[in-house]
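Notes for the structure review
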Amino acid sequence: MKKEKRTNKSLFYIILILLVISIIFNIYFIKNLFSMNLLKEKQYSLGEYTPVKLSLTQEQIILNNDCYTIVMSTTPEQIQSIANGIFNKTDFRPYSHDTLRNILKSFDIKVLMVKIDDLKENTYYATMFVEQDNKVLKLDSRPSDAIAIAVRFNAPIYVKNSLLQNYGINSC
């Protein structure tokens, strides 16, 4: 009887420990689920961003809205890759952006948008948003790479308003 009582007591403590672990796990999971949803909403917020039109020179990416123009220097190879994406053209051998487009499409991953969101030490920073099965991933990217991929998916490009106003050429 004493041994059975000890076994029951041990079983009770094991069940209690498992129950506490389960409760902690559920609280953690629910908390993270809500924070992910809030982050997702914030990521999509375009209040501080303006859609821009894209044009190219031999070594520059030009992004403009009605009043401001941002000019970014890049390599002729990046310009050629962006131009190929705009015109849906593949050279004799695909660029890395073409290969990445093929990989993303084969996994049903969509490029939602690109945001140009910062400038530090004369270097622009971009974020590319991709989606698969309602799961959104936010990727840090070089603007030229993000743009080269975005044009292959007809995804919009946005620039942070403060960048346009502080570093853009005003044409109004």
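None of the values given here were measured: they were computed from a predicted structure.

Where helix H2 (residues 76-86) contacts helix H4 (residues 143-152), the two axes come as close as 7 Å, and the packing angle between them is 15°. Compared by their axis directions, H2 and H4 come out roughly parallel. For the pair H2 and H4, the sense of crossing is left-handed. Residues Gln78, Ser81, Ile82, Asn84, Gly85 and Ile86 of H2 lie in contact with H4, whose contacting residues are Ser144, Asp145, Ile147, Ala148, Val151 and Arg152. Classifying every residue of the contact of H2 with H4 by side-chain character gives 5 nonpolar, 5 polar and 2 charged.

Look at helix H3 (residues 96-106) against H4: their axes get within 10 Å of each other, and the N-to-C directions meet at 55°. Between H3 and H4, the crossing angle belongs to the class labelled oblique. Where H3 crosses over H4, the handedness of that crossing is right-handed. Counted together, His97, Asp98, Leu100, Arg101, Leu104 and Lys105 of H3 and Asp145, Ala148, Ile149 and Arg152 of H4 form the full contact between these two elements. Split by residue class, the contact of H3 with H4 holds 4 nonpolar, 1 polar and 5 charged.

To continue, consider the pairing of strand S8 (residues 157-160). Each regular strand displays side chains that alternate between the two surfaces of the sheet. Pairing geometry for strand S1 (residues 49-51) and S8, over 3 bridges, is antiparallel. Across the sheet, the residue bridging to Thr50 is Val159, located in S8. Pairing of strand S5 (residues 110-120) with S8, which is carried by 3 bridges, proceeds in the parallel orientation. From the neighbouring strand, Ile116 faces S8, where its bridge partner is Val159.

Reading guide: rules and limits
Residues numbered from 1 in each chain as written. Predicted model: local features only at pLDDT ≥ 70, side-chain atom pairs only at ≥ 80, totals over all residues. Heavy atoms only, no water. Axes fitted to C-alpha atoms, helices over the stretch in contact; angles between N-to-C directions. Helix = DSSP H or I, 4+ residues; strand = E, 2+ residues; numbered from the N terminus. Parallel < 35°, antiparallel > 145°, perpendicular 65-115°, else oblique. Left-handed = near helix turned anticlockwise from the far one by under 90°. Contact = heavy atoms within 4.5 Å. Nonpolar A, V, L, I, M, F, W, Y, C, P; charged D, E, K, R; others polar. Pairing = 2+ DSSP bridges.

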